[in-house]
Amino acid sequence: MSAAECPICGAELTLGDDLVAGELLECADCGTELEVESTEPVVVSEAPTEQEDWGE
Amino acid sequence: MNAPVTVSIVGASGYAGGELLRLLLAHPHATIAQATSERLFGRSVTKAHPNLRKKTTLAFTRLGDLEPCDLLFTCLPHGDTMEHMPRFRDLAPRVIDLSADFRLNDPAAYERWYGRPHTHPEWLGEFVYGIPELHRTEMKDARYVSSAGCNATATILGLYPLFRAGVARPDATVVEVKVGSSEGGNRSTDASHHPERAGCVRSFMPVRHRHAAEMIQELGFGREIEIHFSATSIEMVRGVLATAHVFLEKPLAEKDIWKIYRGAYGTEPFVRIVKERDSLYRYPEPKLVAGTNHCDVGFELDADSGRLVVMSAIDNLMKGAAGQALQAFNLMHGFDETTGLEFAGLHP
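Residues numbered from 1 in each chain as written. Chains lettered and ligands numbered in written order. Predicted model: local features only at pLDDT ≥ 70, side-chain atom pairs only at ≥ 80, totals over all residues. Heavy atoms only, no water.

## Comments concerning the overall build of chain B
From N to C terminus, chain B includes 11 helices and 14 strands. In terms of overall size, chain B behaves like a compact globule, its C-alpha atoms giving a radius of gyration of 20 Å where 348 residues would be expected to give roughly 20 Å. By principal-axis analysis of the C-alpha atoms, chain B measures approximately 60 × 45 × 45 Å. Residues classed as buried in chain B amount to 55% of the 348 residues present. Sequence-distant contacts in chain B: of pairs separated by 6 or more residues, those separated by 24 or more amount to 70%. Accessible surface, chain B: about 15,100 Å² in total, of which carbon and sulfur atoms supply 51%. Across chain B, 38 positive and 42 negative side-chain charges occur, with their mean positions spaced 4 Å apart. (Helix = DSSP H or I, 4+ residues; strand = E, 2+ residues; numbered from the N terminus. Rg over C-alpha atoms; globule rule 2.2 N^0.38 Å. Buried < 20%, exposed > 50% of the residue type's maximum accessible area, 1.4 Å probe, protein only. Contact = heavy atoms within 4.5 Å. Areas by Shrake-Rupley, 256 points an atom, 1.4 Å probe, with all protein chains shown as cover. Lys, Arg positive; Asp, Glu negative; His and termini not counted. Charge placed at Lys NZ, Arg CZ, Asp CG, Glu CD.)

Take a look at the structure:
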């Protein structure tokens, strides 16, 4: 089990041992979809998403 | 197994009384003895609250026919409860009042905001202000709880972590609430007549809303503060959305704000931090908390200006009235705080 911090909200992410690069995760606090960039060391970043304009 | 707590509801024909009936009928540790209404005396409570058909055969009784019980929920119009309180105190060892009569600790503040002196100022100090997230410990031993105002609840829960942490400028917070028509109660007026009310976005209290007094009382933490508060009624039946504009004492990063809110509400059963980038509902939304005791709180930081926008959403009849009162009831009797309040809401 390894840990990392959500780059958006700072929540502690608990990650399984079978983590693989490219895996997508979701932060339980802010709901952001995260992508595992590397496993040693564990680096996660916000996964690219198609943005909606929400009428703006 | 302990005997159920026997409760009566004073002023039960209104919307908050109806919600209390609904919640208490399903509560595993409460029995409703009486529900009063002077207007509907003798009629079934389902005449006022048709959603309770086949849930109860209870009929309204008169205030004068109230009998002793373990706890009274009082839902009378503002100003009436304090007049009846001597008798209520004789009838029940515990009272949860949903009016504004005992929310303020300071008699001078009461007179300033309500325009008349309090008739029993000596009792103000005996009431615990009814937001459990702020006063849980006091509530556990309380005999008297004064349930908080709906707009005050939404605003205070939105701002409480920031003022507690001392990161908000004390004089520069502006709050606007958008509220549903049920805040006006169940008696019609010319202004609530459907052709007049429907479709309106009505600025009904741009300044001097009385709930601001509660916000100042609960968010001060020993400092002089100002909350600049306005209320607008919109095309909605239930719900409050409070939007607060907070100016920070010093620059903070978004993660710092998250930490402050997580520290305040991470373990709270009814307060949820709602701030998502790609959700259907990115921020708090009254529609999603309708019928529930939840308060959803979210925020967005404008780092350039130091303005933090805080949004909070509640159901005014639940977390803003009956639900919060039942949460206090649970705490006062040592029950699990969420008992009878588990409903998760509806979607869509």
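Once the structure has been displayed, the description carries forward.
## Some words on helix α5 (residues 132–140) of chain B
Residue and element names in this part refer to chain B. Along α5, the residues classified as buried are Pro132, Glu133, Leu134, His135 and Met139. The buried side chains of α5 occupy one side of the element, clustering within an arc of 165 degrees when seen end-on. Where the residues of α5 are buried, they touch β6 (127–129), β7 (144–146), α6 (150–165), α8 (211–219), β12 (271–273) and α11 (318–332). (Arc of directions from axis to C-beta.)

## Focus on the pairing of strand β8 (residues 173–179) of chain B
Residue and element names in this part refer to chain B. With burial as the criterion, only one face of β8 is covered, namely that bearing Thr173, Val175, Val177 and Val179; the residues Val174, Glu176 and Lys178 on the opposite face remain uncovered. As paired elements, β8 and strand β10 (residues 227–233) share 7 bridges and run parallel to each other. The residue of β10 that forms the bridge with valine 179 is serine 233. Inspection of the sheet shows β8 paired to strand β11 (residues 240–247) by 6 bridges, in the antiparallel sense. Bridging across to β11, valine 174 finds its partner in histidine 245. (Pairing = 2+ DSSP bridges.)

## Observations concerning the domain arrangement of chain B
Residues and elements named next belong to chain B. Each assigned domain of chain B is listed with its residue range as follows: domain 1 (5–148 + 319–332) and domain 2 (151–315). Here the C-alpha centroids of domain 1 and domain 2 sit 24 Å apart. Taken together, the contact pairs 24 residues of domain 1 with 31 residues of domain 2. In this assembly, domain 1 packs against domain 2 so that about 2,400 Å² is buried in total across both faces, 52% of it on carbon and sulfur atoms. Where arginine 136 meets glutamate 268, a salt bridge forms, and the shortest distance between an N and an O atom there is 2.7 Å. Linking domain 1 with domain 2 are 15 residue pairs in polar contact (both at pLDDT 80 or more), by the criterion used here. Elements that contribute at least two residues to the side of domain 1 that touches domain 2 include exactly α1 (15–25), α4 (107–114), α5 and α11. (Domains from an automatic or database assignment. Buried area = accessible area lost by both parts, 1.4 Å probe. Salt bridge = Lys/Arg side-chain N within 4 Å of Asp/Glu carboxyl O. Polar contact = N/O pair within 3.5 Å; in protein donor to acceptor, adjacent residues only side chain to side chain.)

## A few points about the packing of α6(B) against helix α9 (residues 254–265) of chain B
Residue and element names in this part refer to chain B. The contact between α6 and α9 brings their axes to 9 Å, and the two run at 110 degrees. Viewed along their axes, α6 and α9 adopt a mutual orientation that is roughly perpendicular. Residues Ile156, Leu157, Gly158, Tyr160, Pro161, Leu162, Arg164 and Ala165 of α6 pack against Ile260, Tyr261, Gly263, Ala264 and Tyr265 of α9. The residue makeup of the contact of α6 with α9, split by class, is 10 nonpolar, 2 polar and 1 charged. (Axes fitted to C-alpha atoms, helices over the stretch in contact; angles between N-to-C directions. Parallel < 35°, antiparallel > 145°, perpendicular 65-115°, else oblique. Nonpolar A, V, L, I, M, F, W, Y, C, P; charged D, E, K, R; others polar.)

## Focus on the interface of chain B and chain A
Taken residue by residue, the interface counts 12 residues in chain B and 14 residues in chain A. Summed over both sides, the interface between chain B and chain A buries roughly 1,100 Å², with carbon and sulfur atoms accounting for 41% of that surface. Salt-bridge contacts for Arg277(B) lead to Glu46(A); the nearest nitrogen and oxygen are separated by 2.6 Å. Inspection of the region where chain B meets chain A yields 4 residue pairs in polar contact (both at pLDDT 80 or more). Residue contributions to the side of chain B that touches chain A peak at 4 residues, all from α9(B). For the side of chain B that touches chain A, the class distribution of residues is 3 nonpolar, 1 polar and 8 charged.

## Notes on the packing of aromatic side chains
Residue and element names in this part refer to chain B. A complete count under the given rule lists 9 aromatic pairs over all chains for this structure. Ring geometry for phenylalanine 102 versus phenylalanine 127: centroids 4.2 Å apart, planes at 10 degrees, classification stacked. One end of the pair, phenylalanine 102, is in the loop between β5 (94–97) and α4; the other, phenylalanine 127, is in strand β6, and 25 residues separate them in sequence. A residue is classified by how much of its surface remains accessible, and phenylalanine 102, at 1% relative accessible area, is buried. The class of phenylalanine 127 is buried, set by a relative accessible area of 5%. (Phe/Tyr/Trp six-rings, centres within 6.5 Å; stacked < 30°, edge-to-face > 60°.)

## Quick word on the pattern of salt bridges
Residues and elements named next belong to chain B. Across all of its chains, the model carries 16 salt bridges over all chains by this definition. Across the pair lysine 319 and glutamate 133 runs a salt bridge, and its minimum N-O distance is 3.0 Å. Taken as a pair, lysine 319 in helix α11 and glutamate 133 in helix α5 lie far apart in primary sequence, 186 residues in all. Grouping residues by exposure puts lysine 319 and glutamate 133 together as buried. A single network of salt bridges, built from pairs that share partners, joins Glu19, Arg22, Arg238 and Asp315.

## Here's the deal with the side chain of Thr173(B)
Residue and element names in this part refer to chain B. Within the secondary structure, threonine 173 sits in strand β8. With a relative accessible area of 0%, threonine 173 lands in the buried category. Leave out the neighbours within four places in its chain, and threonine 173 touches Leu159, Phe163, Glu226, Ile227, His228, His245 and Val246.

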